[in-house]
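# Fold and contact review
Letter by letter, the chains look like this.
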Amino acid sequence: MSTYVFGHTNPDSDSIVGAISLSYLKNALGEDTVPTRQGKISPETEFILNKFGGKLPELKTSYAGEEVYIIDYSDLAQAPEDILEATVLGIVDHHKLGDLTTATPLECWIRPVGCSNTIVKEMYDAAGIEIPKDIAGMMLCAILSDTVIFKSPTCTKVDTKACKELALIAGIEDYKALGMEMFIVKSAVQGATPRELTTRDYKEFAMGDTKVGVGQLEVVDLKVFDDMKADLHADIKKIKEESGLHTVMLLLTDIMTEGSQILVVSDDNSKIENAFDIKLENEEAWLAGVLSRKKQIIPFLQPQF
Ligand code: MN
Ligand code: MN
């Protein structure tokens, strides 16, 4: 029986590449694991898989009775619905500790670094396992994505060091240029439906006795949203109603000017205004310097509930 390795719902590049890189490591150590995913991949992840010849993990959303490793989350809201009926052998993550609990002892690699793949890199080093060239290239991209090419406040020296070493293995000289190439792919939002965009990188969080949804789109120029902002705002309103959430926010993040425009739909706008010390205008605001949902949004929102 195989063990499955997978990341969070609405998988990003870290979740997909992490499933691949962690599964390879576990197999090299004698286990029998298979990387899987909980949902559709983004154009950015598709770019990474194509660039390095990575195989798309199979789609699997039910894990009752299975053994699993999870990567890039520990929140039940981002897990498969039947995760509590699975045996979690390990967690590799770089977010706040979530609400998942287990019935059996497990391996935990949880560190405050910029990317789960940075932790996987440390795991390879600790185990003395060589990282294959193609996997190194994909891990490099995952770290460049999660750290917004080292601009995010979540980025640490461990991440930049991991990138240097992975770039050497992958034979990539100018990896910041590779990062820009990737973010330009990520910025091509034309042709996608509002729902595809609002849920592309969307997460729900338990806050107080309610739930809050926060989506994020990172682009190299916010102008790409000029014609679609009203539709995106209307769509997060629908998401809020469909899922009975207290608040839904969408961050339109400009990685060049380094800040985020937030679109808000909430039962109580004052919670958002107090969290960030702002005034919303037309349920919008500009948050200068804000690039990271996990470090600059969630910790400020949570105490309001
Ligand atoms: Mn992620
Ligand atoms: Mn991550």
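Residues numbered from 1 in each chain as written. Chains lettered and ligands numbered in written order. Predicted model: local features only at pLDDT ≥ 70, side-chain atom pairs only at ≥ 80, totals over all residues. Heavy atoms only, no water.

### Looking at the pattern of salt bridges
Quick reminder of the rule: Definition used for salt bridges: Asp or Glu carboxyl oxygen within 4 Å of a side-chain nitrogen of Lys or Arg. Helical segments are the DSSP runs of H or I of at least four residues, strand segments are the runs of E of at least two, and each set is numbered from the N terminus. Per-residue accessibility, obtained with a 1.4 Å probe over protein chains only, is compared with the maximum for each type, and a residue is labelled buried under 20%, exposed over 50%, and partly exposed between these values.
Taken as a whole, this structure holds 21 salt bridges when the rule is applied. Two residues, Asp75 and Lys96, come together in a salt bridge whose shortest N-O distance is 3.4 Å. With Asp75 in the loop between strand 4 (67–71) and strand 5 (87–93) and Lys96 in the loop between strand 5 and strand 6 (107–110), this pair connects stretches of sequence that are 21 residues apart. A residue is classified by how much of its surface remains accessible, and Asp75, at 10% relative accessible area, is buried. For Lys96, a relative accessible area of 38% corresponds to the partly exposed category. With its nearest N and O atoms 4.0 Å apart, the salt bridge here joins Glu204 to Lys211. Shared partners join several salt bridges into a network, and the residues in it are Lys121, Asp125, Lys161 and Glu165.

### What about the packing of helix 2 (residues 43–52) against helix 4 (residues 133–146)?
Two numbers describe a pair of packed helices, the interaxial angle and the distance between the axes. Applied cut-off: To get an axis, fit a line to the C-alpha atoms, keeping to the stretch in contact for a helix; angles then go from 0 to 180 degrees between the N-to-C directions. Throughout, the term roughly parallel applies to angles under 35 degrees, roughly antiparallel to angles over 145, roughly perpendicular to angles from 65 to 115, and oblique to all others. Definitions for this section: a left-handed crossing has its near helix turned counterclockwise from the far helix by less than a right angle. A right-handed crossing has that turn clockwise. Any two residues having at least one pair of non-hydrogen atoms within 4.5 Å are treated as being in contact. Residues are grouped as follows: Ala, Val, Leu, Ile, Met, Phe, Trp, Tyr, Cys and Pro are nonpolar; Asp, Glu, Lys and Arg are charged; every other residue, Gly included, is polar.
The N-to-C vectors of helix 2 and helix 4 enclose an angle of 155 degrees; their axes lie 9 Å apart at closest approach. When the interaxial angle is binned, helix 2 and helix 4 end up roughly antiparallel. Here helix 2 and helix 4 pass one another in a crossing that is right-handed. Residues Glu44, Ile48, Leu49 and Phe52 of helix 2 touch helix 4, and the partners they reach there are Asp134, Gly137, Met138, Cys141 and Ser145. Per-class residue counts for the contact of helix 2 with helix 4 are 5 nonpolar, 2 polar and 2 charged.

### Looking at the coordination of the manganese ion (ligand 1)
Inclusion rule: Donor criterion used throughout: N, O or S atom within 2.8 Å of the metal, extended to 3.2 Å for Na, K and Ca. Water excluded; incomplete-looking sites may result.
Distances from the manganese ion (ligand 1) to its protein donors, namely His8 (NE2), Asp12 (OD) and Asp72 (OD), fall within the range 2.0 to 2.3 Å. Site description for the manganese ion (ligand 1): donor spacing in sequence, H-x3-D-x59-D. The two metals, the manganese ion (ligand 1) and the manganese ion (ligand 2), are separated by 3.5 Å and share Asp72 as a common coordinating residue. Taken together, the positions of Asp12 in the loop between strand 1 (3–6) and helix 1 (13–28) and Asp72 in the loop between strand 4 and strand 5 put the pair 60 residues apart, joining distant regions of the chain. Judged by relative accessible area, Asp12 falls into the buried class, the value being 17%.

### Description of the domain arrangement of the protein chain
To be explicit about the condition: Domain start and stop points were drawn from an automatic or database domain assignment. By convention, the term buried area covers the 1.4 Å-probe accessible surface removed from two parts as they join, with the contributions of both added. Each polar contact in these results corresponds to two N or O atoms within 3.5 Å; when the atoms are within protein, one needs to be able to donate a hydrogen and the other to accept it, and residues that are neighboring in sequence are counted only if both atoms are side-chain atoms.
The domain boundaries assigned to the protein chain delineate domain 1 (3–184) and domain 2 (194–304). Computed over C-alpha atoms only, the centres of domain 1 and domain 2 are separated by 25 Å. Contacts between the two partners involve 19 residues from domain 1, matched on the other side by 19 residues from domain 2. Here domain 1 meets domain 2 over a buried area of about 1,800 Å², counting both sides, of which 60% is carbon and sulfur. Between the two partners, domain 1 and domain 2, sit 1 salt bridge. A salt bridge links Glu258 to Lys151; the shortest N-O distance between them is 3.8 Å. At the junction of domain 1 and domain 2, the tally comes to 4 residue pairs in polar contact (both at pLDDT 80 or more). Among the elements that take part in the side of domain 1 that touches domain 2, helix 6 (residues 175–186) stands out by supplying 3 residues, more than any other. Tallied by class, residues from the side of domain 1 that touches domain 2 come to 7 nonpolar, 8 polar and 4 charged.

### Here we look at the layout of surface pockets
Applied cut-off: Only protein atoms enter the calculation, which uses a 1 Å grid: trapped sets of points that fit a 1.4 Å probe without letting it out are cavities, open sets showing protein on both sides within 12 Å along at least five of seven lines are pockets, and any residue with an atom within 4 Å of a point is a lining residue. Grid points are joined across faces, edges and corners, and a volume is the space filled by probe spheres set on the points.
Put simply, the largest pocket is a space of about 550 Å³. Secondary structure elements with two or more residues in the lining of the largest pocket: helix 2, helix 4, strand 7 (202–207), strand 8 (210–219), helix 10 (293–296) and helix 11 (298–301). Ranked by residues supplied to the lining of the largest pocket, first place goes to strand 8 with 4 residues. Looking at the lining of the largest pocket residue by residue, the class counts come to 10 nonpolar, 10 polar and 13 charged. Counting residues domain by domain, the lining of the largest pocket receives three or more from each of domain 1 (3–184) and domain 2 (194–304). Each pocket or cavity is described by its volume, and for the second largest pocket that value is around 400 Å³. Lining the second largest pocket we find 18 residues, and of these Asn10, Pro11, Lys40, Thr199 and Arg200 sit closest to its centre. Those elements giving two or more residues to the lining of the second largest pocket turn out to be helix 7 (194–200) and strand 7. Classifying every residue of the lining of the second largest pocket by side-chain character gives 6 nonpolar, 7 polar and 5 charged. Viewed by domain, the lining of the second largest pocket spans two of them, domain 1 (3–184) and domain 2 (194–304), each represented by three or more residues.

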